Amino acid sequence: MSVIDLITRVDSICRKFDKYDVDKQAELNVSGDDAFARLYAVVEAELDSTIEKAESVASAKNRAAVVAINAEIRRTKARLLDEIPKLQRLAMKKVRGLSREELEARSDLVSALKDRIASVPDGTTTAAQPSSNGGASASTGIKFNSNYDGSFDSDYFQNTEETDRFRQEYEMRKMKQDEGLDVIAEGLDTLKDMAHDMNEELERQVPLVDEIDEKVDKASSDLRSTNVRLKDTVNQLRSSRNFCIDIILLCLVLGIAAYLYK
Amino acid sequence: MSSDPDKLVAKADKLTKLTLTRWSADWRNATLNYEQAANAYRVAKKYEKAKDAFEKASKGQEMLTSPWDAAKHMESAAALAKELGNWNDVADLYRRASELYVECGRAQPASDALGKAARAVEDHLPDVAVQLYTDACSLLEEDDKDQMAFDLYRALTAVHIKLEKYTDAAAALLRLGLAADKCNASNSQFKAYLSAIVVYLYANDVKAAEKCYNDCSQIPAFLGSDQGRCGSRLISAYSEGNVEEIKRLAQSSTITHLDHAIIKLGRKLPTGEVTAVKAGTEEGEGLDEDDLT
């Protein structure tokens, strides 16, 4: 007998004696009557598959694959979160054969399920991390803070340490910037005051310069007219007739002197 | 022409004295001689004689109807008197010089002369200096040259502060503000107002400071300016009795841009009891309640 024959035989025997499997019967019966249980089972199954996919992200090498898987995880999460309110309504409904404690337990189950769905890592936090470690911009710091306010799961414990450090650094840098800005403000105040004073001084000197301008104009015109008159006078004095007379007289004097000394 | 100044002076005196042989004084030659003698004396550092010679030269120029030269000689005489330390003489000579300048119709040099006089005597005769400064400022204001008066007002304020006459100092600052207003020098004007407020606060006269602030706030530009804001913060800090705030404001850059004398006052703020103001207002409120009930 081959293995395949063995397997087929075992299957047929199981099917024959399925009606004697108590657990399975109970499950089938229960899920058959109870819409809540059915829906719960479906949601749980999907959640498990999503968690598996999330785990596969960690091992995925291809960036694009990571992104795609993350996107699918997010879509599934959103869909499951939509199912949750329906599940809660069903949990409220009374079903025959169920005790009161089990009814309350069901709403707890629903909320626990909701938390588990929300906690599935879908890549939004991991995207912020590298930029926060690398850059120092305040905007990424703020985004980080909003995520920080959300969950305190063990998954994120490392992140909160880093956010603390980053937040401290952010505060310190802000303080240093404030100090620098104060210094700049004081310098600008001084500059403004000096500029105002210079402005007033220049305005003070405008009429003075105007006066100087007028006086210089008058003086220069006086000088010009005086020069012209002086030129005329000198020309008159240096006229050729006077010059010739001067030369003749000079020769005469030289002649007389020569005669006297001869 | 002999260069011996004594001889020159003697000669000039002879020229000016009227005798039987001389019916009219020869001022031109006399003045020339006096000037030369005066310069010679100055070089020889005989300040007393030089001063006399300059005075006589100035009189000669007056006779020659040239007040400008006369004024110039007067100023030289006054400068020599300063070297000698005859402070009354200094004041008189400079005054005479400024009158002569006014005769020429030149207000600027006149006020300059008075300013120089005031600066020379302010250490020794501060009241006289105050008078001189005030006269100088009024000369300029009459001539519409307010801009030049700023420096004089500031010097006047410094003298008042040295004499510890704070109301006078504040009054001088307010006049500075008025002069600045006339020539639209708003920065100087606001600084003058803030300085006046600081002076009142230094004299521990908070009411007067408040009144001053309210008066100055009539000018809308002052309210919105840096100096106006600083002033209002000072007044409110005083009325709250907040000493740290006052000290902080005194270190602020707005106060630092004022005059040195005012900065020194500002650094010493607050004087006296600041908390007393708060107690005073509380008592007032108590009385009011009693009256109403």
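About the criteria used
- Residues numbered from 1 in each chain as written.
- Chains lettered and ligands numbered in written order.
- Predicted model: local features only at pLDDT ≥ 70, side-chain atom pairs only at ≥ 80, totals over all residues.
- Heavy atoms only, no water.
- Contact = heavy atoms within 4.5 Å.
- Buried area = accessible area lost by both parts, 1.4 Å probe.
- Salt bridge = Lys/Arg side-chain N within 4 Å of Asp/Glu carboxyl O.
- Polar contact = N/O pair within 3.5 Å; in protein donor to acceptor, adjacent residues only side chain to side chain.
- Nonpolar A, V, L, I, M, F, W, Y, C, P; charged D, E, K, R; others polar.
- Helix = DSSP H or I, 4+ residues; strand = E, 2+ residues; numbered from the N terminus.
- Expected span 1.5 Å × (residues − 1).
- UniProt positions renumbered as here; feature names shortened; annotations may be inferred.
- pLDDT = per-residue confidence, 0-100.
- Buried < 20%, exposed > 50% of the residue type's maximum accessible area, 1.4 Å probe, protein only.

### A short note on the interface of chain A and chain B
If you look at the interface, chain A gives 13 residues, while chain B gives 14 residues. A per-residue breakdown of the area chain A buries against chain B is headed by Asp193, Glu200 and Arg204 of chain A, which together make up 51% of the total. Joining chain A to chain B, the criterion identifies four salt bridges. Here Asp226 of chain B ties to Lys192 of chain A by a salt bridge, and the two come within 3.0 Å at their closest N and O atoms. Linking chain A to chain B there are six residue pairs in polar contact (both at pLDDT 80 or more). In terms of residue class, the side of chain A that touches chain B is made up of one nonpolar, two polar and ten charged.

### Focus: helix α13 (residues 226-240) of chain B
Compared with the 21 Å implied by 1.5 Å per residue over 15 residues, the 21 Å span of α13 of chain B between its first and last C-alpha is a close match. One or two positions beyond α13 of chain B, positive phi appears at Gly241 of chain B, with a value near 75°.

### Structural notes on the UniProt feature "transmembrane region" (unreviewed entry) in chain A
Sequence positions flagged by UniProt for "transmembrane region" (unreviewed entry) are, in local numbering, residues 243-261 of chain A. Counting secondary structure, residues 243-261 of chain A comes out at 100% helix and 0% strand; the distance between its end C-alpha atoms is 27 Å.

### Some remarks on the confidence of the model for chain A
Residue and element names in this part refer to chain A. Looking at chain A, pLDDT values average 79 and 78% of them are 70 or higher. Confidence, read as mean pLDDT per element, is least for helix α6 (residues 124-134) in chain A (43) and greatest for helix α8 (residues 157-237) (91). Predicted confidence for residues 125-142 stays below pLDDT 50, and this span has 15 contacts to residues more than four positions away or in other chains.

### Concerning the environment of Glu48 of chain B
All names here are of chain B. Here Glu48 shows up in helix α3 (residues 47-63). Here Glu48 falls in the partly exposed class, since its relative accessible area comes to 41%. Put simply, Glu48 and Leu80 are 32 residues apart on the chain and 7.7 Å apart in space, counted from C-alpha to C-alpha.

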